[in-house]
Amino acid sequence: MNTATLNRLDDWAWEIPKSGTMRVPGIIFASEELVGGMDEKVREQMSNVASLPGIVQAAYAMPDAHWGYGFPIGGVAAFDPQEGGVVSAGGVGFDISCGVRTLLTALSVEDIEPLRAQLADGLFQHVPAGVGSTSRLRLDERELTAMLNGGARWAVGAGYGQPADLGRIEQGGRYDGADPAQVSGEARHRQVDEMGTLGSGNHYLELQAVTDVYDPATADAFGLAVGAVVVSIHCGSRGLGHQVATEFARRMVIEGPGYGIRLADRELASVPIDSPVGRDYFGAMLAAANCALANRQILAHFVREVFERVTGDGNLSLLYDVSHNVCSLETHEIAGRRRDVYVHRKGATRSLGPGAADVPADLKAIGQPVLIGGSMGTCSYILAGTAASETRAFSSACHGAGRCQSRSQSMRQNRGEDVVERLRRRHITIKSRSLRGVAEEAPTAYKDVNAVVEVTHAAGLARKVARLAPLICVKG
DNA sequence: ATGTAC
């Protein structure tokens, strides 16, 4: 992106000034290098989002932003229903409630070494991964509805994990307001045999070592210490969420113009929050979000089963589970007035500071754990939410490294075998059924996650707590 | 992201 046309607000924030149809400015949190590396499409998409009815304050982009379907990935946008605000399927994305959860183990890096092959093979065999992967679970209609209403709470009730897990999941493990009746038969059908599957693309299951601690007191409260091993799961709502997004994106294109919504790009696909289709989408989207929470809960149970068998200890406690593709109704102070707005975070993680209502009770004084997943073979980070993020970007932070190359570009540049070999030499074990998938997800296809996190920290969106390096990575 | 296109 050409920085000459942006207003530099401070070291870490750049403004796309209001022009043309834009109702609010765009604000990009980035270093000069990161913003310079962003495609002009990001600016175009942010300007389009800033032109949508009812948008408040600004359209935001996190330092990992890159262009996506309609809205940029790494984007945050809030809309006020009292000012004709909209919801958009493209503003949440196709993988509804895709997110990360991190579990703590009692093991150190040294403990893992003799068990490395057994754990890698055990996880690879026990956790279904890949395109079209299916589970040994089969849900009937009644169970599917209960799952869509109950999220991770349903999963715990069905025997996957413990009640204590729920306190460490966003929204207590269940999004309120889900409307399973708005999830089509087709979407349900796709999920009948996909509960407890990892999926493909950038989704993964990783064993990671804590390599650095930046804030010892917070790391201690989170249960993190240098040399400890954790398990992170990155995945979403699989076929069901994708089907919900597909159907509503289509419906919004058809019904949006009836509400006087004119789009610069049909992928912006928006309808008023206060319309039948807007309410249907919001209810269906939250049901899909519950599906993702239940899915990650079941996957964690599978991980615990493997740890129990291989190490004799399956008691992994949950640090946190947070989505980075979701729209939620939240109260924010905007221009001195508290307003209820619908915040779309697409490739952006919520980042609640100390004292916020949804921070787990035992972490209330510290802030919400913010889980940042790196790309395959690179580091991940644990951060903590800040009070400053509330005023800067509706309590939001980045979500990962962010792509800098398309899948096809990455596939042309990399052979899957070479990527696996390169990582093996760095003592990182990759288990995948798809060498093509590995080539598409090669580290070279992503920005430098360290640089993204540095900006996130320096801009006050979240603060660094610990860094994680991959040991074993199970890919879809 | 996705039974990897309508």
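Quick caveat, the model's predicted, so the values are computed rather than measured.

A. Geometry of the overall build of chain A. Across its full length, chain A carries 16 helices and 19 strands. The C-alpha radius of gyration of chain A comes to 21 Å, within 12% of the 23 Å expected for a compact globule of 476 residues. Based on the C-alpha atoms only, the size of chain A along its principal axes is roughly 60 × 50 × 50 Å. Counting the 476 residues in chain A, one finds 63% classified as buried. Taking the contacts inside chain A whose residues are at least 6 apart along the sequence as the reference set, 77% of them involve residues at least 24 apart. When the 48 basic and 53 acidic side-chain charges of chain A are each reduced to a single mean position, those positions are 3 Å apart.

B. Layout of the protein's contact with DNA strand B. In the neighbourhood of DNA strand B, 15 residues make up the surrounding shell, with Val 131, Glu 186, Arg 190, Asn 202 and Arg 407 lying closest. Here, DNA strand B places atoms within 4 Å of the protein, and 50% of those atoms are sugar or phosphate. The side chain of Glu 194 places a nitrogen or oxygen atom 3.0 Å from a phosphate oxygen of DNA strand B. A distance of 2.8 Å separates a phosphate oxygen of DNA strand B from a polar backbone atom of Ser 200. Tallying contributions element by element places helix α10 (residues 238–255) first for the surface near DNA strand B, with three residues. Classifying every residue of the surface near DNA strand B by side-chain character gives two nonpolar, seven polar and six charged.

C. Representation of the pattern of salt bridges in the model. This structure, assessed with the given rule, holds 32 salt bridges. Note that Arg 116 and Glu 113 form a salt bridge whose closest N and O atoms lie 3.0 Å from each other. The exposure class of Glu 113 is partly exposed, given its relative accessible area of 32%. Between Glu 305 and Arg 136 there is a salt bridge whose closest N-O contact spans 3.6 Å. On the criterion of sequence distance, the pair formed by Glu 305 in helix α11 (residues 276–311) and Arg 136 in the loop between α5 (116–126) and α6 (141–157) is long-range, its members being 169 residues apart. With a relative accessible area of 32%, Glu 305 lands in the partly exposed category. The network of salt bridges with common partners includes Asp 80, Glu 83 and Arg 339.

D. The packing of α5 against α11, seen in detail. At their nearest, the axes of α5 and α11 sit 10 Å apart, and the two run at 145° to each other. Considering only the axes of α5 and α11, their crossing is right-handed. Contacts from Gln 118, Leu 119, Gly 122, Leu 123 and His 126 of α5 reach α11 at Phe 302, Val 303, Glu 305, Val 306, Phe 307, Arg 309, Val 310 and Thr 311. When grouped by side-chain class, the residues that make up the contact of α5 with α11 number seven nonpolar, four polar and two charged.

E. Focus on unusual backbone geometry. Despite not being glycine, Gln 171 has its phi angle at roughly 60°, a positive value. As for its placement among the helices and strands, Gln 171 is situated in the loop between α7 (163–166) and α8 (185–191).

F. View of the pairing of strand β12 (residues 325–334). With seven of its 10 residues buried, β12 lies for the most part within the structure. Inspection of the sheet shows β12 paired to strand β13 (residues 337–346) by 10 bridges, in the antiparallel sense. By the bridge assignment for β13, Ile 334 is matched with Arg 337. In sequence, β12 turns back onto β13 through a hairpin of two residues, with Ala 335 there showing a positive phi of about 50°.

G. The sheet that holds β13, seen in detail. Strand order in the open sheet formed by seven strands is β1-β2-β3-β4-β5-β13-β12, with mixed pairing between adjacent strands. Edge positions in the sheet fall to β1 (7–10) and β12, since each of these pairs with one other strand and no more. The mean inter-strand angle of the sheet, taken between neighbouring strand axes irrespective of direction, is 25°. Looking at chain direction, β1 and strand β2 (residues 13–16) are connected through three bridges and run antiparallel. Across the sheet, residue Asp 10 finds its bridge partner in β2, namely Ala 13. Sheet strands in contact with α11 are β12 and β13, and its direction is about 115° off that of β12.

H. Molecular detail of the packing of aromatic side chains. Using the criterion set out here, one finds six aromatic pairs in the structure. Centroid distance Phe 29 to Tyr 60: 6.1 Å. Interplanar angle 10°. Geometry classified as stacked. Remark: Tyr 60 occurs in strand β4 (residues 59–66) and Phe 29 occurs in strand β3 (residues 26–29); sequence separation between them is 31 residues. On the numbers, 4.9 Å between centres and 75° between planes, the contact of Phe 282 with Tyr 342 is edge-to-face. With Phe 282 in helix α11 and Tyr 342 in strand β13, the pair connects residues that are 60 residues apart, well separated along the chain.

Scoring rules and cut-offs
- Residues numbered from 1 in each chain as written.
- Chains lettered and ligands numbered in written order.
- Predicted model: local features only at pLDDT ≥ 70, side-chain atom pairs only at ≥ 80, totals over all residues.
- Heavy atoms only, no water.
- Helix = DSSP H or I, 4+ residues; strand = E, 2+ residues; numbered from the N terminus.
- Rg over C-alpha atoms; globule rule 2.2 N^0.38 Å.
- Buried < 20%, exposed > 50% of the residue type's maximum accessible area, 1.4 Å probe, protein only.
- Contact = heavy atoms within 4.5 Å.
- Lys, Arg positive; Asp, Glu negative; His and termini not counted.
- Charge placed at Lys NZ, Arg CZ, Asp CG, Glu CD.
- Near = heavy atom within 4 Å.
- Polar contact = N/O pair within 3.5 Å; in protein donor to acceptor, adjacent residues only side chain to side chain.
- Nonpolar A, V, L, I, M, F, W, Y, C, P; charged D, E, K, R; others polar.
- Salt bridge = Lys/Arg side-chain N within 4 Å of Asp/Glu carboxyl O.
- Axes fitted to C-alpha atoms, helices over the stretch in contact; angles between N-to-C directions.
- Left-handed = near helix turned anticlockwise from the far one by under 90°.
- Pairing = 2+ DSSP bridges.
- Phe/Tyr/Trp six-rings, centres within 6.5 Å; stacked < 30°, edge-to-face > 60°.

None of this, on its own, says anything about what the molecule does.
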